[in-house]
Amino acid sequence: MKLYSYSRLETFEQCHLKFKFAYIDKIETEVEESVEAFLGSRVHEALDKLYRDLMFEKLDSLQELLDFYNSEWEKNWNEGILIVRAGKGYSQENYRKMGERFISDYYRHYHPFNQSRTIALETKEHINLDDGKEYHIHIRIDRLSMSPEGAYEIHDYKTSSSIKTQEEADCDRQLAIYAYGIKKMFPDAKKISLVWHYLAFDREIHSERTDEQLEDLRKDVLELIHEVEACREFPPKMSALCSWCEFRPVCPNFKHLYELEKKPAEEYKDDNGVKLANEYAEVSENVKELSEKADELKARLKDFAARNNVNIVYGSDVKVFVKSYPRLSFPKREDERRADFINTIKALGLWDRLAEPNTFELSKLIESGKLHPEIQKMLENYAEKGETIYVRLMKK
Ligand code: SF4
């Protein structure tokens, strides 16, 4: 049996390299987790305690919950917790107070917490996704409850600073796959509500899925699992989420930055990488200016040649041949007339005369390993091995 979690699949989609670090190499870095994840865990613990105690007929006061939250915060805080927005002036204390507000708002909103009957908290079950019972997925529900009308409710607490739109909630896969699990575990579940509690906004978002949608989702998730299992290349994929990635110290896209941050200011400037990057930026700027200047001179030479009716303009030790001629442009790849243009060339019987193999695409195809080995071998006979150095200058 192979057991997957939603977060594992989500990590794969976010960045293959992060997936490899987390689930294949199981690397541990100096960054333990982000402060946002830490805050989320502490708030979840407090709400879990609230409903667990209620199941034993004990109604915690708000102060009891906040005391519990603060003591767990203090016990678990450590130096490995990353505050990405520290540069914007936000400290551990700001995040701790946010958590207090989330819990207080929730408490006042739902007190005395009798909207639905709790069935399970922080579930740890898993269900199979295929007939062969090979692939299972975790069902990790913050709180499963039943409404007075008999509908199952899957509650999920969110501590993020942004809120889903209704459209996003209707497409969300995480709670939907949990709904699939509940249908399997409780055959009496006719109606299942997906409920997100956006604690920062004191708001609920609701959604539901039909049986057909859940079946489609099951197939999609299985397909994604097969993609994960077939994956052999794990390139890094940069996104806004990189700022919160615990693998930045070992990720080739951020490793150098981490090494630099540990160096004192004087050593920082002597770092070979810093020197090379700075020099490359300077040279690139000069090349850009010179290229603009060359374009301007070309235009002036053309005017001079036309005005003086000459083809060659003479300098001290050089001469410049100047000629201008009309140019025809045809629809490029992204142009919607491109397909029509190509069809016309073919219809006119000119294709064989004009077409050239796209060797860039061909080398990508060979690299991908998607060709039949025999075909690959035949094509490789014509290939010469070399190396392209790709360097792109970006703002930090
Ligand atoms: S920092 Fe970004 S690119 Fe690097 S492993 Fe993490 S998510 Fe991937």
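Everything numeric in this text was worked out from a predicted model, so none of it was measured.

Draft legend 1. Examining the sheet that holds strand E5 (residues 125–128) more closely. Strands sit in the order E1-E6-E5 across an open sheet of three strands; the sheet is mixed. Of all strands in the sheet, those bounded by a partner on one side alone are strand E1 (2–4) and E5. Averaged over all neighbouring strand pairs, the angle between strand axes comes to 35 degrees, with direction disregarded. Pairing of E5 with strand E6 (residues 135–139) involves four bridges; the strand directions are antiparallel. What sits directly across from Ile127, in E6, is Ile137. Sitting on the sheet, helix H7 (residues 174–185) touches E5 and E6, and the angle it makes with E5 is about 85 degrees. In this fold helix H8 (residues 211–230) packs onto E1 and E6, with an angle of close to 115 degrees to the strand it touches most, E6.

Draft legend 2. Spatial organisation of the sheet that holds strand E10 (residues 203–207). As summarised here, the arrangement of the five strands in space is E4-E7-E8-E9-E10, forming an open sheet in which the pairing is mixed. The outermost strands of the open sheet, each flanked by one partner alone, are strand E4 (117–121) and E10. Strand-to-strand twist in this sheet, taken as the mean axis angle between neighbours without regard to direction, amounts to 25 degrees. Here strand E8 (residues 152–158) pairs with strand E9 (residues 192–198) via seven bridges, running parallel. Considered in E9, the bridge of Tyr152 is made with Ile192. Contacts from helix H3 (residues 35–55) reach E4, strand E7 (143–146) and E8, with the element oriented near 125 degrees to E4. Those strands touched by H7 are E7, E8 and E9, and its axis lies near 145 degrees from that of E9.

Rules used in this analysis
- Residues numbered from 1 in each chain as written.
- Predicted model: local features only at pLDDT ≥ 70, side-chain atom pairs only at ≥ 80, totals over all residues.
- Heavy atoms only, no water.
- Pairing = 2+ DSSP bridges.
- Helix = DSSP H or I, 4+ residues; strand = E, 2+ residues; numbered from the N terminus.
- Axes fitted to C-alpha atoms, helices over the stretch in contact; angles between N-to-C directions.
- Contact = heavy atoms within 4.5 Å.

Any functional reading would require information beyond the geometric quantities listed.
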